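Secondary and tertiary structure notes
Residues per chain, in single letters:
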Amino acid sequence: MKIALLGYGKMGKAIEAIALQRGHTIVIKTSKTDNYTITDADVAIDFSIPSAAFGNISNCINNQVPVISGTTGWLDQYNDVVSLCEKQKGAFIYASNFSLGVNIFFELNETLAKMMSKLKDYKLDIEEIHHTQKLDAPSGTAITLAEGIIKNNDAYKGWELDKANNSNIPIVAKRIPEVPGTHTISYTSPIDTIKIEHEAHNRQGFALGAVIAAEWIADKTGVFTMKDVLNIG
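This write-up is about the structure you can find in this document. This structure is a prediction, so every number in the text was calculated from the model and none was measured.

1. Regarding the overall build of the protein
Helices and strands together make up the secondary structure of the protein, namely 7 helices and 11 strands. Relative to a compact globule of 233 residues, whose C-alpha radius of gyration would be 17 Å, the protein shows 18 Å and is just as compact. For the C-alpha atoms alone, the extent of the protein along its principal axes is close to 60 × 40 × 30 Å. Among the 233 residues that make up the protein, the fraction classed as buried is 50%. Across the protein, the fraction of contacts at a sequence separation of at least 24, relative to all contacts at a separation of at least 6, is 64%. Here the protein displays about 11300 Å² of accessible surface, and carbon together with sulfur accounts for 51% of that area. The distance from the centre of the 22 positive side-chain charges to the centre of the 26 negative ones in the protein is 1 Å.

2. Details of the pattern of salt bridges
Scanning the model with the defined rule gives 7 salt bridges in all. Here Glu-110 ties to Lys-151 by a salt bridge, and the two come within 3.4 Å at their closest N and O atoms. Separated by 41 residues along the polypeptide, Glu-110 in helix α4 (residues 100-116) and Lys-151 in helix α5 (residues 140-152) bring together distant segments of the chain. By relative accessible area, Glu-110 is classed as buried at 14%. A relative accessible area of 57% means that Lys-151 is categorised as exposed.

Reading the values: rules and limits
Residues numbered from 1 in each chain as written. Predicted model: local features only at pLDDT ≥ 70, side-chain atom pairs only at ≥ 80, totals over all residues. Heavy atoms only, no water. Helix = DSSP H or I, 4+ residues; strand = E, 2+ residues; numbered from the N terminus. Rg over C-alpha atoms; globule rule 2.2 N^0.38 Å. Buried < 20%, exposed > 50% of the residue type's maximum accessible area, 1.4 Å probe, protein only. Contact = heavy atoms within 4.5 Å. Areas by Shrake-Rupley, 256 points an atom, 1.4 Å probe, with all protein chains shown as cover. Lys, Arg positive; Asp, Glu negative; His and termini not counted. Charge placed at Lys NZ, Arg CZ, Asp CG, Glu CD. Salt bridge = Lys/Arg side-chain N within 4 Å of Asp/Glu carboxyl O.

What follows is the structure, given as structure tokens:
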């Protein structure tokens, strides 16, 4: 399979290494938004920057190249991409995190949220820790975790960064050098604390999941998620 890497930073390089190991060819690797011919690729993987993501994804969809994106910070335009994908009969996956382990963690989080929904003595918080080069806060993964809780626990209506009221989930975002990503969900009562946590040891998990998603979507049409890729949920 011929892959275009749209965004060639640390994540792009990690994806490249795994794609080559799995027998694929990298035909485009760029951190720019122009000067490439996307139709040279069978599928595109976008790990660019928020300001470039929408243009990259739209270009792929308009040229009938399936695209997956792990770029966060652009989701105010997500519905526009969905509409474009439906209009052009394209193929698209967005995930705040492509790690296979994190997507299992998302499912655990939603199950725990259902179990805790009747236990009003427990106060909830989310903490995420990432490397200092991460541009957005909170992380897309933390937002996905919060949304999963809100969907399954009617005590919460939204989330807030570093603070909360009774109906919003507080998300604490920390930036520490060389931390690939750690996410912790804590339910605390006067009696005890219940925690679930996912800790990434390196970028390989994110990269492997992205390549698996690209392999999966190559011959499909529609808007999908990692639940579809992994057949979970």
